[in-house]
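Architecture at a glance
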Amino acid sequence: LDDKVEKQTARFMLAMVDTLNSVTLAKVPQRHEAVKITCVTCHRGSPLPGTIETVITDAVDQFGADSAIARYRKLRENMGNGRYDFSEFPLSVAARTLAGRGKTDAAVAILTMSQEYNPSSADVDMQLGDIYEKQGDKDKAVTRYQAAWTKRPNDPRARGGLTRLGKPPA
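Residues numbered from 1 in each chain as written. Predicted model: local features only at pLDDT ≥ 70, side-chain atom pairs only at ≥ 80, totals over all residues. Heavy atoms only, no water.

1. Details of the nonpolar core
It is characteristic of soluble globular proteins that their nonpolar side chains tend to be buried jointly. Heads up, the rule is: We call a set of buried Ala, Val, Leu, Ile, Met, Phe, Trp, Tyr and Cys residues a nonpolar core when their side-chain atoms join them within 4.5 Å. Remark: exposure states derive from per-residue accessible area (1.4 Å probe, protein chains only) relative to the maximum for the residue type, with buried under 20%, exposed over 50%, and partly exposed in between. Strands here mean DSSP runs of E at least two residues long; helices mean DSSP runs of H or I at least four residues long; both are numbered from the N terminus. What makes two residues a contact is simply this: any of their non-hydrogen atoms within 4.5 Å.
Counting residues in each nonpolar core, the largest one holds 37 residues, and the members touching the most others are Ile-52, Ile-56, Tyr-72, Leu-75, Tyr-84, Phe-86 and Ile-110. Broken down by secondary-structure element, the contributors of at least two residues to this core are helix H3 (52-63), helix H4 (65-78), helix H5 (88-100), helix H6 (104-117), helix H7 (122-135), helix H8 (138-151) and helix H9 (156-164). Ignoring sequence-local partners within four residues, the contact set of Tyr-84 consists of Ser-46, Gly-50, Thr-51, Ile-52, Val-55, Leu-75 and Met-79.

And the structure:
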């Protein structure tokens, strides 16, 4: 039936894709004509488009950090098809969002997991150092800033963190 919500939504989405391709992208200077938006551009095989950051933050909100981490691990293991971005950056965004909401324990848990998958990342150490510094845990902050400094010598952010905490790098 034409009054089905799903059918109305699908028609709206198809009209949106058509407008994006024929009107919006048509105005892009020196546009490569082969570039087209399709359903997969946003949905990537999911009924509702979303990002791994949203999956993580929603899982933390509903079930807690442990469940969010378990969900991430399962998705990462089973979805190598490009549906989600499993790089370091989305985990950082999720942790920043959670910390901004006052869920610093969850943010630390997400970043600790990120460190498992990205052991050479100075950025994860910096983000953890920043959280610990804001919490007033000087020892943990120094440890993380020193780890960032070791991984990325001469990083001004790591130097700044260590200097603020009275432990400038040698």
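2. Regarding unusual backbone geometry
Despite not being glycine, Asn-154 has its phi angle at roughly 75°, a positive value. Inspection of the secondary structure puts Asn-154 in the loop between H8 and H9. Accessibility expressed as a relative area gives 58% for Asn-154, which makes it exposed.

3. Side note on the pattern of salt bridges
Keep this limit in mind: The working definition used for a salt bridge is a side-chain nitrogen of Lys or Arg within 4 Å of a carboxyl oxygen of Asp or Glu.
Summed over the entire model, instances satisfying the criterion amount to 12 salt bridges. In this structure, Arg-73 and Glu-116 form a salt bridge, with 2.9 Å as the shortest nitrogen-oxygen distance. Residue Arg-73 is located in helix H4, and its partner Glu-116 is located in helix H6; the two are separated by 43 residues in the primary sequence. For Arg-73, a relative accessible area of 30% gives the class partly exposed. One salt bridge in this structure joins Asp-155 and Arg-157, with 3.4 Å as the shortest N-O distance. Given a relative accessible area of 41%, Arg-157 falls into the partly exposed group. Through salt bridges that share partners, Asp-123, Arg-152, Asp-155 and Arg-157 make up one connected network.

4. Some details on the environment of Thr-57
Relative to the assigned elements, Thr-57 resides in helix H3. Here Thr-57 falls in the buried class, since its relative accessible area comes to 7%. Spatially, the C-alpha atom of Thr-57 lies 38 Å from that of Ala-170, the residues being 113 residues apart in sequence. Beyond its immediate chain neighbours, meaning those up to four positions away, Thr-57 contacts Ala-94, Thr-97, Leu-98 and Arg-101.

5. A few points about the packing of aromatic side chains
This is how the line gets drawn: The rule is short: rings of Phe, Tyr and Trp, with Trp giving its six-membered ring, pair when the centres are within 6.5 Å, and they are stacked under 30 degrees, edge-to-face over 60, tilted in between. Any Lys NZ or Arg CZ found within 6 Å of a ring centre and within 35 degrees of that ring's normal is scored as a charge over the ring.
Tallied over the full model, the rule gives 3 aromatic pairs. Taking the centre distance of 5.5 Å and the plane angle of 70° together, the rings of Tyr-72 and Phe-86 count as edge-to-face. Linking Tyr-72 in helix H4 with Phe-86 in the loop between H4 and H5, this pair joins segments that are 14 residues apart in sequence. A centroid spacing of 6.2 Å and a plane angle of 75° characterise the contact between Tyr-84 and Phe-86, whose relative ring orientation is edge-to-face. Here Tyr-84 falls in the buried class, since its relative accessible area comes to 14%. The ring of Tyr-117 carries the charged tip of Arg-76 above its face, separated from the ring centre by 3.8 Å.

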